[in-house]
Amino acid sequence: MSQPPEHVPHSTLEVSEQDPETYQKEVIQYPDHSYPQAVPFEQTPTGTTNSYYSPESAKEVVNAQNLYGGIGVLPAPYKDPYYAGAATYPPGTVFAADGTPYPNSAYPPTNGSPIDPNAYGPGATENGVPNEKAAPAATILGLSKKTFFILLGVGIVVIGLVAGLAGGLTAKNNNDSTSAASGSGSGSSDGSSASNSTEKLILNNSKITATNFTDSNGIVHRTVFFQDVYNSIIARRWDSKGNAWTTNNLTHLMAATTTPLDPQPGTPLASASMDLDPTYETHVWFVDPGNWIKSMVSLDAVNQPDTWDNDTLDGAYLQTWSGGQLAATWQRCFQAECDGTWIVAYQRPEGAIKTANSSTWATATVAIDSSEVAANSSLAIIPQLDGTYLDRLELVSERVNTDKSGDMSVTTYNDTWDGSDSRVTELQSDIPLPAPTQQFAVTKWDNWTQALYIGLFEGGAIQGNHWDGSAMNSISSFKFNSGPATNFTAIAMSPDAMFYGISNNEILEYSLDTADPTSFNYVGQVFP
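Residues numbered from 1 in each chain as written. Predicted model: local features only at pLDDT ≥ 70, side-chain atom pairs only at ≥ 80, totals over all residues. Heavy atoms only, no water.

Turning next to the overall build of the protein chain. Along its length, the protein chain carries two helices and 30 strands. Looking at the protein chain residue by residue over its 528 residues, the buried ones come to 41%. (Helix = DSSP H or I, 4+ residues; strand = E, 2+ residues; numbered from the N terminus. Buried < 20%, exposed > 50% of the residue type's maximum accessible area, 1.4 Å probe, protein only.)

In structure tokens, the structure reads:
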């Protein structure tokens, strides 16, 4: 009896018995880059972290059920001429009552059924053979059918052109009027809105964060992050050279990669920028539905500000308290050859406030013990001078006072967080306990020697403290000069003393009056 074969026969489609996930792999240099890269499709085996495919050619879908945070559709484009990441709506588009932008056809619909080929009866014959000349040609109004329909078509086209020209002139006049009223740059300086639309564009519970840097040519760069109604993370960018706001939809940019963004609705947001010539970077941090901290980075924020990549945090898993907040900053190194450190403050599920830094992301340090901080405390963080070096930190949080109130306080990092409970300064006492709309923000000026700490509390009230270099001064209310009426639901400040707030479906920008830190002067509209 013959021996069975050593291997079970297999299909001729199987070209190798080796593991297809580890055999003859092709690798790309930047797997999480926002631009598509043509590579073979791979399925992710258990335990691995990356799977790459070509979004232009691959038919397979990776994690389709979670691709867009549960909504299952691509975010709609903005009505924004500077929007990067999707097509824009044509300006002045007029929609018909049925929702279509233009009539379905320039020609009237067909009446009745197609022409019956026997409608004119059988043709004449000669000896049983059809005679092609026997039947007279049919006419309409004395004209041949062909001539009639040609003239009819020409007439309809002429009428359409006349109507279109009239409509175009009307739309142009309307657009010119809107442009004149909207102003330029950051927005209208007289407080008028740059958008007449009542369409909701900003997520109701969106947070906001802002950052800035100045490049070697003296050009100021500012970026504001928030969430739109589709739960996407949006970056609005401005620089003093172009003097205009442009948009990047980070969720849309990453949708075709193997690491699509899935932020929580109303996720906490934190951002920071590095200005260490020739390196200029901008980072943003947010939280996914599992309360894990995620990050995006623009590695060349001057020359390629539209390019964003996934920041893996070196593979670290940093989990926050459900409903907790984030704060972030870039800390300049006291040594010339050092690149500085990215720092993110967050509240752990057990309640302590920790700071994770880019030197060892996975080894976060306890800054404030759980017994000394309120659950879901708002957070803000900023560098502090140590002599001539900017290598210390100030962390703003809320400490529990009673079961109904707390204290807004600032804790100082002095080479270590050890003993931080002895380096606490009370800012605002008897403030409400943390709520989803409560947020803290901080900024500094005058060579980092003066500081403003503010809090947005329930009902839209904003209170804070001004450190004038020698004493802490309490501020019970602030003046927002000029601009539209405000009802802030989210606030942020950048390190260059600029204030940003979400109010009435808009993001507004103000500059702090450093001569009178109780006042903010309206600059313009950031979004839409």
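Here the focus is the nonpolar core. Grouped together as the largest cluster of nonpolar side chains are 19 residues, with contacts concentrated most on Leu452, Ile454, Ile462, Phe499 and Phe520. Residue assignment for this core shows that the elements contributing at least two residues are β22 (439-445), β23 (450-456), β27 (488-494), β29 (506-512) and β30 (519-527). Each residue touching Ile462, except ones within four places of it in the same chain, is listed here: Ile454, Gly455, Leu456, Ser476, Ser477, Phe478, Phe480, Phe488, Ile491 and Phe499. (Core = buried A, V, L, I, M, F, W, Y, C linked by side-chain atoms within 4.5 Å. Contact = heavy atoms within 4.5 Å.)

What follows covers the sheet that holds strand β16 (residues 353-357). The four strands lie next to each other as β14-β15-β16-β17, forming an open sheet whose pairing is antiparallel. On the outer flanks of this sheet lie β14 (326-331) and β17 (365-368), each paired with one strand and no other. Put simply, the sheet's adjacent strands are angled 30 degrees from each other on average, direction ignored. Relative to strand β15 (residues 341-347), β14 runs antiparallel, the two being bridged by six bridges. By the bridge assignment, Leu326 is partnered in β15 with Tyr346. (Pairing = 2+ DSSP bridges. Axes fitted to C-alpha atoms, helices over the stretch in contact; angles between N-to-C directions.)

The strand order across the open sheet formed by five strands is β26-β30-β29-β28-β27, and the pairing between neighbours is mixed. For this open sheet the edge positions go to β26 (479-481) and β27, each flanked by a neighbour on one side alone. Taking the axes of each pair of neighbouring strands and ignoring which way they run, one obtains an average angle of 35 degrees across the sheet. Here β27 pairs with strand β28 (residues 498-503) via six bridges, running antiparallel. Residue Phe488 lies in a different strand from β28, and its bridge partner there is Ser503.

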